Amino acid sequence: VLSKKSIYQSLPWISLWSETIRTPQGNVVENYHQLRLPSFAVITAWTLDQKLILERQYRHGARRVVWALPTGTILDGESPSQNARRELLEETGYRAGRLRLLGSFITDGVRGGAKAYFFEARDCRLRAKADSGDLEETQIVLVSRQEALKMTKDGRLATVSSALGFTLSCIS
């Protein structure tokens, strides 16, 4: 990075800047835009009877009601696994019996974006009333693996992070 110019910031939610960079081949590229969003966790959660826990909620980024896995922004001082446990309980009322990391990925290899951590929660039990504090009311629905596969294929499981989280759980 030869130079960096801030374009927009609304911390901790978004930061956008432009860089002048030198590539490994020695080329200089100006106005290479970079985007930083907060890291987040996506939780593929299964009940004791092997039902997938989904949320049905209006998501403004999608501009519609979507089916999605529990997902949450990782707070300062919070580990990804702490976030996954907290978000699962807050958003769904379920507590994970077992939690394991399935992988972590950068959301956009060109512009940056966020780092997404994908977890699988097993042996989940209902322990509290869901209260995510989101803008819209969330409906918690339990579905079979087969129904979730159909939902992924036909686009009802609408976000890339939810589709990837479910797929990683299925292949792990």
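Residues numbered from 1 in each chain as written. Predicted model: local features only at pLDDT ≥ 70, side-chain atom pairs only at ≥ 80, totals over all residues. Heavy atoms only, no water.

Novice: I tried to follow unusual backbone geometry on my own but got confused; where do I start?
Specialist: Most peptide bonds adopt trans geometry, and most residues besides glycine take a negative phi value. Following L11, the chain continues into P12 via a peptide bond in cis, with omega recorded as 5°. Non-glycine residue N31 carries a positive phi angle of around 55°. As for its placement among the helices and strands, N31 is situated in strand β3 (residues 28-36). Residue classification places N31 among the exposed residues on the basis of a relative accessible area of 54%. Positive phi outside glycine occurs at D123, with the angle close to 55°. Along the chain, D123 turns up in strand β10 (residues 112-126). A relative accessible area of 24% places D123 in the partly exposed class. (Helix = DSSP H or I, 4+ residues; strand = E, 2+ residues; numbered from the N terminus. Buried < 20%, exposed > 50% of the residue type's maximum accessible area, 1.4 Å probe, protein only.)

Novice: What am I meant to see in a positive patch on the surface here?
Specialist: On the surface, a cluster of positive charge is made up of R85, R95, R125 and R127. Secondary-structure assignment places R95 in strand β8 (residues 94-95). Here R95 falls in the partly exposed class, since its relative accessible area comes to 46%. (Patch = residues over 30% accessible without salt bridge, like charges linked within 9 Å, V, L, I, M, F, W, Y side chains within 5 Å. Areas by Shrake-Rupley, 256 points an atom, 1.4 Å probe, with all protein chains shown as cover. Salt bridge = Lys/Arg side-chain N within 4 Å of Asp/Glu carboxyl O. Lys, Arg positive; Asp, Glu negative; His and termini not counted. Charge placed at Lys NZ, Arg CZ, Asp CG, Glu CD.)

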